[in-house]
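Here is how the chains run, residue by residue.
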Amino acid sequence: FGGDEFALLITEVDSKAAVVNIAENILQVLAQPFLLAGHDIFVNASIGMVWGEANYVAAEHLLRDADVAMYKAKDCTRHQYRWFESDMHSDAVQLLELETDFRLALDRREFELYYQPIVDLERMKITGFEALVRWQHPSKGLIFPNDFIGFAEDNGFIVELGTQVLEMACAHLADWDRVAGLDPELSVSVNIAPDQLLQPNILSQVEYIIETAGISSRHLRLELTERSIISNGKVVNEVLHALRQRNIRVSIDDFGTGYSALSCLHTLPVSCLKVDRSFVQPITHGSTSLCIVPLSINIAETMRMDVIAEGIENMTQLRQLQKLGCKYGQGFLFQKALPADEALSLLSRPFFSDWSMSRSA
C-alpha cells in the first residue's frame, strides 16, 4: 500500500489468539538484521489488526480500521501490535476534526493572548507579564493551551502558532506603550517551542517582528524549556548568544522538572530561572517543604540571574519565598491571566494597595 506499508489477509483462523501468534512471528522475523553495504540494518514494525466481523460490508472499511490500529501501535511504547477497538475510530475522527479546525484557526487568527503579572516580591510591583495563549474556538468557546499545544507540537503547527503568539505579544506591547507609556523595566515573557527555536530564520524573524511592532527589544523576554536546551545544545547556544547581542533576554522555564541544564548553565546567556509550580505548591511553614527552591535561588544568585517562582497561591508560599530571597513571582494569589486590555488596566492603578485590600477583605 506504500513504500513501507503492507496488508495481510488471514483466513481460516478461529481465534484472535491465532492472529496474535502470526503477528508475533512476523515481528520476530522482521527484527532480524539484514546486510546492506556491509552494515547490519535493523528495522521496527507496527501492526494493526482487525477481526472481520459480519458488520463489515466493504473491504476498504477493514483496511481503514486496521490502519487506525496500526497508528495506535506506533504511538504505544509497550506493544508493537494493537487490535482495532471501536473508540479508535471516534478518536481518529476527532483528531481529523481537530486538525481541520486548527488549520482554520491559524488562517483566521482565532488565537488570543492572556497575560499573568510577574510581581517584584519585595516592592509588590508588577514588573512584567507572561503571555499565555488561548484558542477562541467559534463553537467550543475558550480552549486552554493544555488541550492543543501538544497536538500543535506533534502535528507541525507549533512554529506557525509560535510566530503568531510572538507577533501578538509585540503588538500588545506597542499598544500599551502608545496608551500609557511602558515602564523601562516592564517586559513580556513569550514561550518559544523547541521546533521554533531551531528554524534557520528564527533570529531574522524575531528582529522583524520587533521592528514591525516598533518596540524596544528590552521589553521582550523569551522563555525556553530545559528540554529544548539540552536536546539541541550547540545550536541553541549559538542562537541564545545571538539573541543576547540583540538585547533580548532569555529565561529557562520549568526549571528542575526532569531535564538538568546545570552542566551547561554557566555557559548559556540566560538571565532568569523560573522555578516550576510543582516545587512551589508543596511549600508550607516547614523547611522540608521547600524542596529544590533554595537550591534554584542559590544557583541563580551565583550566576547573576533572576528567579521567578511560578504558581504562588497563598500567603504562606509568598512569605517563605520572600524569606529565601526569591525576587519575583507569579500566581493566582496575585492575579489570574487576563486579556490584553485588562492587563493594561493593572498598570494604571496602584497594584500593591489594591491587592492587599482584596486579600484582607
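Colleague: Summarise a negative patch on the surface; cite the residues concerned and give the values.
Modeller: There is a patch of like negative charges on the surface, built from D75, E153, D154 and D195. You can see E153 is positioned in helix 4 (residues 149-154).

Colleague: Got a sec to walk through the confidence of the model for the protein chain? Specific residues and values, please.
Modeller: Summing up the model confidence of the protein chain, the mean pLDDT is 88 and the portion of residues at 70 or higher is 93%. In this model residues 357-361 is a low-confidence stretch, pLDDT under 50, and it forms three contacts with partners more than four residues away in sequence or in other chains.

Colleague: Account for the pairing of strand 5 (residues 111-120), naming residues and giving values.
Modeller: Most of strand 5 sits inside the fold, with nine of its 10 residues counted as buried. The pairing of strand 5 with strand 6 (residues 125-137) spans 10 bridges and is antiparallel. Counterpart to D120 in the pairing with strand 6 is K125. Linking strand 5 back to strand 6 in an antiparallel pair, the connection comprises four residues, with M124 at a positive phi of about 50°. Bridge count for strand 5 against strand 14 (residues 338-339) is two bridges, and the pairing is antiparallel. By the bridge assignment, Y114 is partnered in strand 14 with P339. Pairing analysis gives two bridges linking strand 5 to strand 13 (residues 328-329), with the strands arranged antiparallel. When the bridges of strand 13 are listed, D120 appears paired with Y328.

Colleague: An account of helix 13 (residues 315-324) is requested, with residue identities and associated values reported.
Modeller: Residues spaced three or four apart along an α-helix point in a common direction, a consequence of the helix completing one turn every 3.6 residues. Restricting attention to buried positions, one finds in helix 13 the residues Q317, L318, Q320 and L321. Its side-chain oxygen at 3.1 Å from the backbone nitrogen of T316, N314 defines the N-terminal cap of helix 13. Within two residues after helix 13, G325 carries a phi angle of roughly 85°, on the positive side.

Colleague: Kindly report on the environment of R249, identifying the contributing residues and their values.
Modeller: By secondary structure assignment, the location of R249 is in strand 10 (residues 249-255). A C-alpha to C-alpha distance of 8.8 Å links R249 and E223, two positions 26 residues apart in sequence. In contact with R249, not counting residues within four places along its chain, are S187, R218, L220, R221, L222 and S271. At a separation of 2.8 Å, a polar atom in the side chain of R249 contacts the main-chain carbonyl oxygen of R218.

Colleague: Before we move on, could you go through the pattern of salt bridges and cite the residues and values that matter?
Modeller: Evaluation of the coordinates by the stated rule reveals 13 salt bridges. Where K125 meets E185, a salt bridge forms, and the shortest distance between an N and an O atom there is 2.9 Å. Highlighted residues: K125 in strand 6 and E185 in the loop between helix 5 (158-180) and strand 8 (187-191), separated in sequence by 60 residues. Looking at K125, the relative accessible area reads 28%, which means it is partly exposed. Here E185 falls in the partly exposed class, since its relative accessible area comes to 30%. Salt-bridge contacts for R178 lead to D175; the nearest nitrogen and oxygen are separated by 2.2 Å. Residue R178 and its partner D175 are both found in helix 5; the two are separated by three residues, about one turn of the helix.

Colleague: Please give an account of helix 1 (residues 16-30) that cites residues and values.
Modeller: Along its 15 residues, helix 1 runs 21 Å from first to last C-alpha, staying within 8% of the 21 Å computed at 1.5 Å per residue. Residues of helix 1 that are buried: V19, V20, A23 and L27. Looking down the long axis of helix 1, one finds its buried residues gathered within 100° of arc, a one-sided arrangement. Away from its buried face, by an angle of more than 90 degrees, helix 1 presents the exposed residues Q28 and V29. Summarising the contacts, the buried residues of helix 1 are in contact with strand 3 (47-49) and strand 4 (81-83).

About the thresholds
- Per chain, residue numbering runs from 1 following the sequence as it is written.
- Local features in this predicted model are restricted to residues whose pLDDT is 70 or higher, and side-chain atom pairs enter the listing and the counts only when it is 80 or higher, whereas totals over whole chains, interfaces and linings include all residues.
- With hydrogens and water stripped out, all remaining heavy atoms of the structure feed into the side-chain values.
- Patch definition: residues above 30% relative accessible area lacking any salt bridge, with like charges linked at up to 9 Å and the nonpolar side chains Val, Leu, Ile, Met, Phe, Trp and Tyr linked at up to 5 Å.
- Method for areas: the Shrake-Rupley scheme with a 1.4 Å probe, in which residue coverage is limited to the protein chains shown.
- Salt bridges, as used here, are contacts in which a Lys or Arg side-chain nitrogen is within 4 Å of a carboxyl oxygen on Asp or Glu.
- Counting rule applied: Lys, Arg positive; Asp, Glu negative; His and chain ends not counted.
- The location of each charge is read from NZ of Lys, CZ of Arg, CG of Asp or CD of Glu.
- Under the DSSP-based scheme used, a helix requires at least four consecutive residues in state H or I and a strand at least two consecutive residues in state E, with every element numbered from the N terminus.
- What pLDDT conveys is the predictor's confidence in a given residue, as a value from 0 to 100.
- Between two residues, a contact is recorded if the distance between any of their heavy atoms is within 4.5 Å.
- Burial classes follow relative accessibility: with a 1.4 Å probe on protein chains only, a residue under 20% of its type's maximum area counts as buried, one over 50% as exposed, and anything between as partly exposed.
- Strands pair, by our definition, only if DSSP identifies at least two bridges between them.
- Definition of a polar contact: a pair of N or O atoms within 3.5 Å, with one able to donate and the other able to accept a hydrogen when the atoms are protein atoms, and with sequence-neighbouring residues admitted only if both atoms are side-chain atoms.
- Helix span, expected: 1.5 Å multiplied by one less than the number of residues in the helix.
- The directions considered for the arc are those from the helix axis to the C-beta atoms.

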